[in-house]
Amino acid sequence: MISTAEFTIKTERLAVGYSKFPIVSDISLSMQPGELLVLIGTNGSGKSTILKTLAGLLQPVNGDLEILGAATGSLPKRVAYLPQHPVSTHTLPLRVRDVVAMGRFAHLGLFKKPTTHDNQIVESSMRLTGIESQANDPIRDLSGGQQQRTHLAQVLTRQAEVLLLDEPTAGLDINGRKLVADLIASERARGVTVVMATHELQDAESANTVMLLAQRVVSIGKPEVALRDEYLRECFGFTQPH
Amino acid sequence: MFIEPFANNEFLRLSLVAGILVAFTCAIAGTFVVLRGLAFIGDALAHGVLPGIATAMLLGVSGVIGAAVGSLVMMAGVSVVSRRFRLSGDTAIGLLFVGMLALGVMITSRSRTFVGDLSRILFGELLGVNSGDLVLQFVALVIVAVVAFIARRPFLLLCVDEGLAKTSGFSSRLFQNLMLMIVAITVIASFQTVGTLLVLGMLIAPAATGALFARRISTVMLIASLVGSISTYVGLLISYHFDLAAGASIVLTTVLIFAAAATYTEIKKAIADNSHEEHEHPHSHAGSHVR
């Protein structure tokens, strides 16, 4: 087994996929506290599959993977995952505040009662994502962007050391995108490791590492290396304007 | 007219208490059936117990034991078929559902009182409950309530997003099975009162009514309990005064209450949308007057 004493995420020859069928293979990387890894690729390129594997929702097909020195899925208090959310059509018109508070369940388990501290975290997460004025509204009545802010707030309430974000800017306007960028920056400043999947090349500007995907790792490295024209052409069929 | 039937008839009082116990149990389990989208498996469980009950009747054993065995076979069967044969859950449930129902009817047809037995299993015998049945229903209610209270957080997460339950540290398989278990206990405990066919109505209609108004799971359960209890009372009165089947009268009342509640919320929403539109575009109305 690999040792991850100084790494928050470490993979060696990791293959991810469904059942025994790999979608992306041979992923080797290591991340330290405060670093940002951005996964970029077209639909079906394997971004979400990597994030689901890191979150413990899928078993690795092959290779080694450790998060915070442990197996995936074993540290729910320290790892938070934001999936791609379809627009909410819940039968129950859950309030925004209650959806955000679910982020604390990993800390509360079955029996602990939420404390004032837990409630403060919920309020501050809603404030940070700009959703506090909708706190008592049913989530299914909100716009797609407001729902996304609610789910982001839920992830922040986990107060995790590793954030796994699957297209966190989906459905957000320009202000929302800036808000996500600022949130990621402030989380990184307090030592949180962030892995983010996105379609947007500009989301990669502040990353330590970028992984370009097309059902395989096309390139991996610093943004200026991983996003070279030849790799972008290989991945998307076009290059970005200079 | 409203109180006298219960004051004068002990069997009606027993039926009312049994019906209210069933209403409370169904309110708790039914809330998760509605919010997690388990109506089909709930239906399948309700019918899957049929061969168990029929066999128990033929052997002279308690129908409750037969129902428990039937529901266990049904749950295990669905799990095995969907995992081993890579079929969708719905297909697996559908296969087991019709298979168990057919088996139940075949076993019951061996009985000399075939129609009577089948009718008793499918539609219940609320007016024939005794104090032993009440004890069983009370125990079932306590078990269902305790499990739902302990597992309230993972159950809520499962109703919202199964992945969120997993990444929050709760075993989705364990809690999904626990959820199915409380549905099965509810079906087993309720079949004598409303029958295996009508228990689904008590599981779904009151909880669906609650979900129209509530924003929290506990409030859905509270509304569902009230709707179920009122339906029991009204259904028994209808049954008494018009000489109609008790279980069916109760279930039909719950469905009618849901229909009334759904109509009310739709009208309220339409009025709200209309006034919102008027507030947003006051000039468009002025323009139409000029024309």
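The rules behind the values
- Residues numbered from 1 in each chain as written.
- Chains lettered and ligands numbered in written order.
- Predicted model: local features only at pLDDT ≥ 70, side-chain atom pairs only at ≥ 80, totals over all residues.
- Helix = DSSP H or I, 4+ residues; strand = E, 2+ residues; numbered from the N terminus.
- Rg over C-alpha atoms; globule rule 2.2 N^0.38 Å.
- Buried ≥ 20, exposed ≤ 12 C-beta atoms within 10 Å, placed from the backbone.
- Contact = placed C-beta atoms within 7 Å.
- Pairing = 2+ DSSP bridges.
- Expected span 1.5 Å × (residues − 1).
- Axes fitted to C-alpha atoms, helices over the stretch in contact; angles between N-to-C directions.
- Nonpolar A, V, L, I, M, F, W, Y, C, P; charged D, E, K, R; others polar.
- Arc of directions from axis to C-beta.
- Domains from an automatic or database assignment.

Helix and strand counts for chain A come out as eight helices and nine strands. Expected size for 242 residues packed as a compact globule is a radius of gyration near 18 Å; at 18 Å, chain A falls within 12% of this value. Expressed as lengths along the three principal axes of its C-alpha atoms, the size of chain A is roughly 50 × 45 × 35 Å. For chain A, buried positions account for 46% of its 242 residues. Considering only contacts in chain A between residues 6 or more positions apart, those separated by 24 or more positions represent 68%.

The next subject is the overall build of chain B. Each helix and strand in chain B was counted, giving 15 helices and zero strands. The buried share of chain B, reckoned over its 291 residues, is 47%. Contacts in chain B between residues at least 24 apart in sequence constitute 71% of all its contacts with a sequence separation of at least 6.

It is a general feature of regular strands that their side chains alternate between the two faces of the sheet. All names here are of chain A. In the sheet, strand 1 (residues 9-18) pairs with strand 2 (residues 21-31) via seven bridges, with the strands oriented antiparallel. Counterpart to Thr11 in the pairing with strand 2 is Leu29. The antiparallel hairpin formed by strand 1 and strand 2 contains two residues in its connecting segment, where Ser19 sits at a positive phi of about 55 degrees. In terms of strand pairing, strand 1 meets strand 4 (residues 62-67) through five bridges, oriented antiparallel.

What follows concerns helix 5 (residues 144-157) of chain A. Residues and elements named next belong to chain A. In this model helix 5 runs 20 Å from its N-terminal to its C-terminal C-alpha over 14 residues, within 8% of the 20 Å that 1.5 Å per residue would give. Across the 14 residues of helix 5, 12 count as buried, placing the element largely inside the fold. Among the residues making up helix 5, those that are buried are Gln146, Gln147, Gln148, Arg149, Thr150, His151, Leu152, Ala153, Gln154, Val155, Leu156 and Thr157. Residues of helix 5 that are buried in the fold lie against strand 5 (79-82), helix 2 (96-101), helix 4 (116-128), strand 6 (162-166) and helix 6 (174-189). Positive backbone phi, approximately 50 degrees, marks Gln159, located one or two places after helix 5.

Another point: the environment of Val234 of chain B. Checked against the element boundaries, Val234 of chain B lands in helix 13 (residues 217-242). The exposure class of Val234 of chain B is partly exposed, given the 18 C-beta atoms found within 10 Å.

All names here are of chain A. A sheet is described by the order of its strands in space; here three strands give the open sequence 2-1-4, paired in antiparallel fashion. The open sheet has two edge strands, strand 2 and strand 4, and neither has a second partner. For this sheet, the mean angle separating the axes of adjacent strands, direction not counted, is 35 degrees. Where helix 1 (residues 47-55) meets the sheet, its contacts fall on strand 1, strand 2 and strand 4, and the angle it forms with strand 1 comes to roughly 115 degrees.

Right, let's get into the interface of chain A and chain B. The interface of chain A with chain B comprises 19 residues on the first partner and 19 residues on the second. Broken down by element, the side of chain A that touches chain B gets its largest block of residues, three residues, from helix 3 (residues 105-108) of chain A. Of the residues that constitute the side of chain A that touches chain B, the class distribution is 14 nonpolar, three polar and two charged.

The pairing of strands in a sheet comes from backbone hydrogen bonds and takes either a parallel or an antiparallel form. All names here are of chain A. With mixed pairing, the six strands of this open sheet are ordered in space as 5-6-7-3-8-9. Only two strands of the sheet have a single partner each, and these edge strands are strand 5 and strand 9 (217-221). When the angles between neighbouring strand axes are averaged without regard to direction, this sheet yields 10 degrees. Strand direction decides the pairing type here: strand 3 (residues 36-41) and strand 7 (residues 193-198), joined by five bridges, are parallel. Paired with Leu39 across the strands is Ala197, a residue of strand 7. Taken strand by strand, helix 6 contacts strand 3, strand 6 and strand 7, and its axis lies near 155 degrees from that of strand 7.

Glancing now at helix 8 (residues 131-150) of chain B. Residues and elements named next belong to chain B. Between the first and last C-alpha of helix 8 there are 29 Å, a value that for 20 residues agrees with the 28 Å anticipated at 1.5 Å per step. Within helix 8 the residues assigned to the buried category are Asp133, Gln137, Ala140, Leu141, Val144 and Ala148. Seen along its axis, helix 8 keeps its buried residues to an arc of 105 degrees; they face one direction. Residues of helix 8 that are exposed and point more than 90 degrees away from the buried face comprise Ser131, Gly132, Val135, Val142, Val146 and Phe149.

This part is about the environment of Gly169 of chain B. Along the chain, the position of Gly169 of chain B falls in the loop between helix 10 (162-167) and helix 11 (172-190). Residue class for Gly169 of chain B comes out partly exposed when judged on the 19 C-beta atoms lying within 10 Å of it. Once residues lying within four places of it in the same chain are set aside, the contact partners of Gly169 of chain B are Pro76 and Ala106 of chain A.

Let's shift gears to the domain arrangement of chain A. It is common to report an interface's size as the accessible area lost on association of the parts. Residues and elements named next belong to chain A. Along its sequence, chain A is carved into domain 1 (1-78 + 160-242) and domain 2 (90-159). Taking the mean C-alpha position of each, domain 1 and domain 2 sit 25 Å from one another. At the interface, 12 residues of domain 1 touch 13 residues of domain 2. If you tally residues by element for the side of domain 1 that touches domain 2, the top one is helix 6, at three residues. Looking at side-chain class alone, the side of domain 1 that touches domain 2 contains eight nonpolar, two polar and two charged residues.

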